[in-house]
Amino acid sequence: MSGAGSPTLDIDGTGLNVVIVAGHWHTEITDGLIAGAVRTLDAAGASHTLVRVPGSFELPVVAKAALDAGADAVVALGVIIRGGTPHFEYVSAAATDGLTRVALDTGKPVGFGLLTLDDEKQGIDRAGLPGSKEDKGTEAAEAALSTVRVLQALRADR
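Residues numbered from 1 in each chain as written. Predicted model: local features only at pLDDT ≥ 70, side-chain atom pairs only at ≥ 80, totals over all residues. Heavy atoms only, no water.

Section: the overall build of the chain
Phase 1 of the analysis: Broken down by element type, the chain carries five helices and four strands.
Phase 2 of the analysis: Secondary structure elements of the chain, listed N to C terminal, follow the sequence β-α-β-α-β-α-β-α-α.
Phase 3 of the analysis: In terms of overall dimensions, the chain is globule-like: its C-alpha atoms have a radius of gyration of 15 Å, near the 15 Å expected for 158 residues.
Phase 4 of the analysis: By principal-axis analysis of the C-alpha atoms, the chain measures approximately 50 × 30 × 25 Å. (Helix = DSSP H or I, 4+ residues; strand = E, 2+ residues; numbered from the N terminus. Rg over C-alpha atoms; globule rule 2.2 N^0.38 Å.)

The structure is reproduced here in structure tokens:
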């Protein structure tokens, strides 16, 4: 698993407004990711809302709209499972590049919880479900909160 060596972050989310943007595909895995993000944001004291989008391709445009509307950060959650056509590569690249562009264009964090998988089992192992080895929803929420605080500190140092 790639989670070996991952940091443990303890972030105060008090006063932060975070939007979780999640796709509808692969419900069991996505719902696990959402639950991990919600637990983390609640524990940190951040306010949050959930917005569902049709799929991972739609994550960037809705993430940008949420940030433009005043959210401090977005947690983007989605699941793309490899199939027998090049569709996987196109959607994975477009969603990943789009989320990166959103973060750079807005100057606000996008917690990256987009799982690109070879099979459903890999997703179950990463979804923070009972028996999962990792919780990528939690990791994405922690990264978003931590990055907000880093950006705030950098701006305060000016």
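Remarks on the sheet that holds strand β4 (residues 110–117)
Phase 1 of the analysis: Strand order in the open sheet formed by four strands is β2-β1-β3-β4, and the pairing between neighbours is parallel. The open sheet has two free edges, formed respectively by β2 (47–53) and β4, since each of these has just one partner strand. On average, each strand axis in the sheet is inclined to that of its neighbour by 15 degrees, with strand direction left out of account.
Phase 2 of the analysis: Examined bridge by bridge, strand β3 (residues 73–81) and β4 share eight bridges and lie parallel to one another. Its bridge partner lying in β4, Val-74 is registered against Val-110.
Phase 3 of the analysis: This element, helix α1 (residues 27–44), spans β1 (17–23), β2, β3 and β4 of the sheet and lies at about 160 degrees to β3. (Pairing = 2+ DSSP bridges. Axes fitted to C-alpha atoms, helices over the stretch in contact; angles between N-to-C directions. Contact = heavy atoms within 4.5 Å.)

Considering the layout of surface pockets
Phase 1 of the analysis: Empty space within the largest pocket amounts to approximately 210 Å³.
Phase 2 of the analysis: Trp-25, His-26, Gly-55, Ser-56, Phe-57, Val-79, Ile-80, Ile-81, His-87, Phe-88 and Val-91 together form the lining of the largest pocket.
Phase 3 of the analysis: When residues of the lining of the largest pocket are traced back to their parent elements, those giving at least two are β3 and α3 (87–106).
Phase 4 of the analysis: A breakdown of the residues in the lining of the largest pocket according to their chemical character gives seven nonpolar, four polar and no charged. (1 Å grid on protein atoms, 1.4 Å probe; cavity = no way out; pocket = protein on both sides within 12 Å on 5 of 7 lines; lining within 4 Å. Points joined across faces, edges and corners; volume = space filled by probe spheres on them. Nonpolar A, V, L, I, M, F, W, Y, C, P; charged D, E, K, R; others polar.)

A closer look at the side chain of Ser-56
Phase 1 of the analysis: When you line up the elements, Ser-56 lands in the loop between β2 and α2 (59–68).
Phase 2 of the analysis: Excluding anything up to four places from it in sequence, Ser-56 contacts Gly-78, Val-79, Ile-80, Val-91, Ala-95 and Leu-114.

Overview of the pairing of β2
Phase 1 of the analysis: Direction of pairing for β1 relative to β2: parallel, over a ladder of seven bridges. Each residue of the ladder has a partner; that of Ala-22, found in β2, is Arg-52.
Phase 2 of the analysis: As for the winding sense of the linkage, the β-α-β connection from β1 through α1 to β2 is right-handed. (Right-handed = clockwise from strand over helix to strand, strands pointing away.)

Quick look at the packing of α2 against α3
Phase 1 of the analysis: The interhelical angle for the contact between α2 and α3, taken along N-to-C directions, is 15 degrees, at an axis separation of 8 Å. As summarised for this structure, α2 and α3 are arranged roughly parallel, according to the angle between their axes. Crossing of α2 against α3: the hand is right-handed. On the side of α2, the interface is formed by Leu-59, Pro-60, Ala-63, Lys-64, Leu-67 and Asp-68, while α3 contributes Ala-94, Ala-95, Gly-98, Leu-99, Val-102 and Thr-106.
Phase 2 of the analysis: For the contact of α2 with α3, the per-class residue count stands at eight nonpolar, two polar and two charged. (Parallel < 35°, antiparallel > 145°, perpendicular 65-115°, else oblique. Left-handed = near helix turned anticlockwise from the far one by under 90°.)

Looking at the pattern of salt bridges
Phase 1 of the analysis: This structure, assessed with the given rule, holds ten salt bridges.
Phase 2 of the analysis: Residue Asp-135 is joined to Arg-39 by a salt bridge in which the shortest nitrogen-to-oxygen separation is 2.8 Å. Highlighted residues: Asp-135 in the loop between α4 (120–126) and α5 (136–156) and Arg-39 in helix α1, separated in sequence by 96 residues.
Phase 3 of the analysis: Note on Arg-39: relative accessible area 44%, which makes it partly exposed.
Phase 4 of the analysis: Measuring nitrogen to oxygen at the nearest pair gives 3.0 Å for the salt bridge that ties Glu-134 to Lys-136. (Salt bridge = Lys/Arg side-chain N within 4 Å of Asp/Glu carboxyl O. Buried < 20%, exposed > 50% of the residue type's maximum accessible area, 1.4 Å probe, protein only.)

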